[in-house]
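A structural walkthrough
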Amino acid sequence: MLPGHLDLTLGEPPKALRMPAEPILRTAEISECTGYRWLLHRAWGKGPHIAWAMCNPSVAAGLFDDPTLKRITGYSFRWGYGSLVVGNIYPYRSPSPKELHRWRESLGGESWKHLDFHFNALKVAEAFKACEFHMAAWGNEPEQGDVEFWRGMVEGQSDPAMLYGPAAVGTG
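Structure report, in brief. (Residues numbered from 1 in each chain as written. Predicted model: local features only at pLDDT ≥ 70, side-chain atom pairs only at ≥ 80, totals over all residues. Heavy atoms only, no water.)

Topic: the environment of Ala28
Position of Ala28 among the secondary structure elements: in strand 1 (residues 25-30). Separated by 35 residues in sequence, Ala28 and Leu63 place their C-alpha atoms 8.2 Å apart. Once residues within four sequence positions are removed from consideration, Ala28 is found in contact with Leu39, Leu40, Ala61 and Gly62. (Helix = DSSP H or I, 4+ residues; strand = E, 2+ residues; numbered from the N terminus. Contact = heavy atoms within 4.5 Å.)

See the structure below:
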């Protein structure tokens with residue numbers, strides 16, 4: 001399978017082909033207060049880099065992979081990529097969609113005016129520059145205005161500017 005071409009065949013691949021073999025290099029960029037995660041990085045071998053733009057409430061970190069991260073690592077590996085980076089539209093770390101949406105509402109309905117929202121978009125844009133393919137998978141319903149603003153910031157800073165979605169790949 002060539003990078004940039006999606007294998008959407010049904011059924012489970014053999015177990016040995018689902019996930020990259022260890023060691024997988026796992027890192028994360030998290031705020032000093034630990035309440036915000038800017039980026040997750042995973043690398044397992046040679047090959048191009050894929051970027052995942054998501055709205056995924058999670059507490060995944062440098063050494064911890066949640067179920068969604070495991071799923072997209074498997075997709076990325078099977079599609080021929082050697083590493084991935086994940087950037088979330090909302091940087092707030094939370095284990096639940098309800099808590100994430102409460103955080104967003106606490107900003108007064110204009111999260112795009114929040115400094116951490118801007119900082120996050122700029123961090124994501126910089127990381128996405130090194131990726132050959134960008135995949136959007138926001139299954140937890142971010143606010144449309146936030147998506148448009150965030151995409152404008154990321155696409156304005158990142159080249160190639162390719163974000164697909166919403167939920168181009170069911171990761172939820």
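What to know about the side chain of Arg42
Mapped onto the elements of the fold, Arg42 is located in strand 2 (residues 37-43). Ignoring any residue separated from it by four or fewer positions in sequence, one finds Arg42 in contact with Ile24, Leu25, Arg26, Thr27, Ala61, Gly62, Phe64, Asp65, Leu69, Thr73, Ser83 and Leu84.

Quick notes on the packing of aromatic side chains
The geometry of two aromatic rings is summed up by the distance between their centres and the angle between their planes. Inspection of the entire model under this criterion finds eight aromatic pairs. On the numbers, 5.8 Å between centres and 5 degrees between planes, the contact of Tyr36 with Trp38 is stacked. Comparing Tyr36 with Trp38, the two get one shared label, buried. Aromatic pair Tyr75 and Trp79: ring centres 5.5 Å apart, planes at 20 degrees, arrangement stacked. Cluster of aromatic residues (ring-pair linked, three or more members): Tyr36, Trp38, Tyr90, Tyr92, Trp103 and Phe119. (Phe/Tyr/Trp six-rings, centres within 6.5 Å; stacked < 30°, edge-to-face > 60°. Buried < 20%, exposed > 50% of the residue type's maximum accessible area, 1.4 Å probe, protein only.)

Considerations on empty space enclosed by the protein
For the coordinates displayed, the defined rule picks out one cavity of 30 Å³ or more. Here the largest cavity defines a volume of roughly 40 Å³. Lining the largest cavity are Arg37, Leu40, Met54, Asn56, Ser58, Ala60, Asp66, Leu69, Val86 and Asn88. Among the elements of the structure, strand 2 and strand 4 (83-88) are those that each provide at least two residues to the lining of the largest cavity. (1 Å grid on protein atoms, 1.4 Å probe; cavity = no way out; pocket = protein on both sides within 12 Å on 5 of 7 lines; lining within 4 Å. Points joined across faces, edges and corners; volume = space filled by probe spheres on them.)

Some points on the pattern of salt bridges
Under the counting rule described, the total for this entry stands at five salt bridges. The partner of Asp65 in a salt bridge is Arg26, and the shortest N-O contact between them spans 3.0 Å. With Asp65 in the loop between strand 3 (49-54) and helix 1 (67-78) and Arg26 in strand 1, the pair connects residues that are 39 residues apart, well separated along the chain. Where Glu126 meets Lys129, a salt bridge forms, and the shortest distance between an N and an O atom there is 3.3 Å. If you follow the salt bridges from partner to partner, you end up with Glu22, Arg26, Arg42 and Asp65 in one network. (Salt bridge = Lys/Arg side-chain N within 4 Å of Asp/Glu carboxyl O.)

Examining helix 2 (residues 97-106)
At 3.6 residues per turn, the α-helix brings residues three or four places apart onto the same side. Listed in full, the buried residues belonging to helix 2 are Leu100, Trp103 and Arg104. Looking down the long axis of helix 2, one finds its buried residues gathered within 100 degrees of arc, a one-sided arrangement. The exposed set on the far side of helix 2, more than 90 degrees from its buried face, consists of Lys98, Arg102, Glu105 and Ser106. Just past helix 2, the residue Gly108 takes up positive phi, approximately 85 degrees. (Arc of directions from axis to C-beta.)

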